[in-house]
Amino acid sequence: MTTTEDQLAITTVIARHGHLVDDGELERLGELFTEDVSYDVSDLGGGILEGLPAIIEASLALGAGNPLAHLVTNIVIDSIDGDEATARSKGLGVNTDGSLGTVTYLDDLRRIDGRWLITHRKVLVRRAPLGGRTASAVAPEGSDG
């Protein structure tokens, strides 16, 4: 059974990501991710990072190329089934030059020792409005076209 407590705990884990990364508190990422997390940043050109040490190493290597701010919003919990959950959220990255980037986070979570942690995250870059769909590809419901 899904509880409000589970929903709040999952939402908090996802939202906390931006705070910890932006504050440089990479040693605290274990509060969000399992030790063996799979963090897929292939869409950003970074491949799949396996485990917390790989995430920390990649973050430090990127250095000043990291966004100044990771803003996580529009968190939606798609499913909770026992100790497993899936969620998606939107991310805005504010870069040092003032430009913005947008992503979608797709997360798999597991409850371990009473805490929800992300076991897998896929980051998808938003490159086109409406997911790249055009007017010719979308027919309103009830229309013949």
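This one's a predicted model, so the numbers in the text were calculated from it and none came from an experiment.

Cut-offs and rules
Residues numbered from 1 in each chain as written. Predicted model: local features only at pLDDT ≥ 70, side-chain atom pairs only at ≥ 80, totals over all residues. Heavy atoms only, no water. Buried < 20%, exposed > 50% of the residue type's maximum accessible area, 1.4 Å probe, protein only. Helix = DSSP H or I, 4+ residues; strand = E, 2+ residues; numbered from the N terminus. Arc of directions from axis to C-beta. Contact = heavy atoms within 4.5 Å. Pairing = 2+ DSSP bridges. Core = buried A, V, L, I, M, F, W, Y, C linked by side-chain atoms within 4.5 Å. 1 Å grid on protein atoms, 1.4 Å probe; cavity = no way out; pocket = protein on both sides within 12 Å on 5 of 7 lines; lining within 4 Å. Points joined across faces, edges and corners; volume = space filled by probe spheres on them. Nonpolar A, V, L, I, M, F, W, Y, C, P; charged D, E, K, R; others polar.

### Topic: helix H2 (residues 52-62)
Among all positions in H2, only Leu 52, Ile 55 and Ser 59 are buried. Looking straight down H2, one finds its buried side chains confined to an arc of 65 degrees; they lie on one side. Of the exposed residues in H2, the ones pointing more than 90 degrees away from its buried face are Pro 53, Glu 57, Leu 60 and Ala 61. Close packing links the buried residues of H2 with strand S1 (33-40) and strand S2 (48-50).

### Examining the pairing of S1
Side-chain direction in a regular strand flips from residue to residue, so the side chains alternate between the two faces of the sheet. A large share of S1 lies buried, amounting to six of its eight residues. Looking at chain direction, S1 and strand S6 (residues 115-125) are connected through four bridges and run parallel. Residue pairing across strands places Ser 38 opposite His 120, the latter belonging to S6.

### Topic: the nonpolar core
Ranked by internal contacts, the top residues of the largest apolar core, which has 25 residues, are Ile 10, Leu 29, Phe 33, Tyr 39 and Leu 109. Listed by contribution, the elements that provide at least two residues to this core are helix H1 (4-22), S1, H2, strand S3 (69-81), strand S4 (84-94), strand S5 (100-112) and S6. It is H1 that contributes the most residues to this core, five residues altogether. Sequence-distant contacts of Tyr 39, that is, excluding residues within four places in its chain, are made with His 17, Phe 33, Gly 47, Ile 48, Leu 49, Ile 55, Tyr 105, Arg 121 and Val 123.

### What about the layout of surface pockets?
Empty space within the largest pocket amounts to approximately 660 Å³. Contributing to the lining of the largest pocket are 28 residues, with Val 41, Leu 44, Leu 62, Pro 67 and His 70 lying nearest its centre. Within the residue set of the lining of the largest pocket, elements represented by two or more residues are H1, S1, H2, S3, S4 and S5. Looking at the lining of the largest pocket residue by residue, the class counts come to 17 nonpolar, eleven polar and no charged. In this structure, the second largest pocket encloses a volume near 160 Å³. Forming the boundary of the second largest pocket are Val 21, Asp 22, Gly 24, Leu 26, Ser 59, Leu 60, Gly 63, Ala 64, Asn 66, Pro 67, Leu 68 and His 70. For the lining of the second largest pocket, the class distribution of residues is six nonpolar, five polar and one charged.

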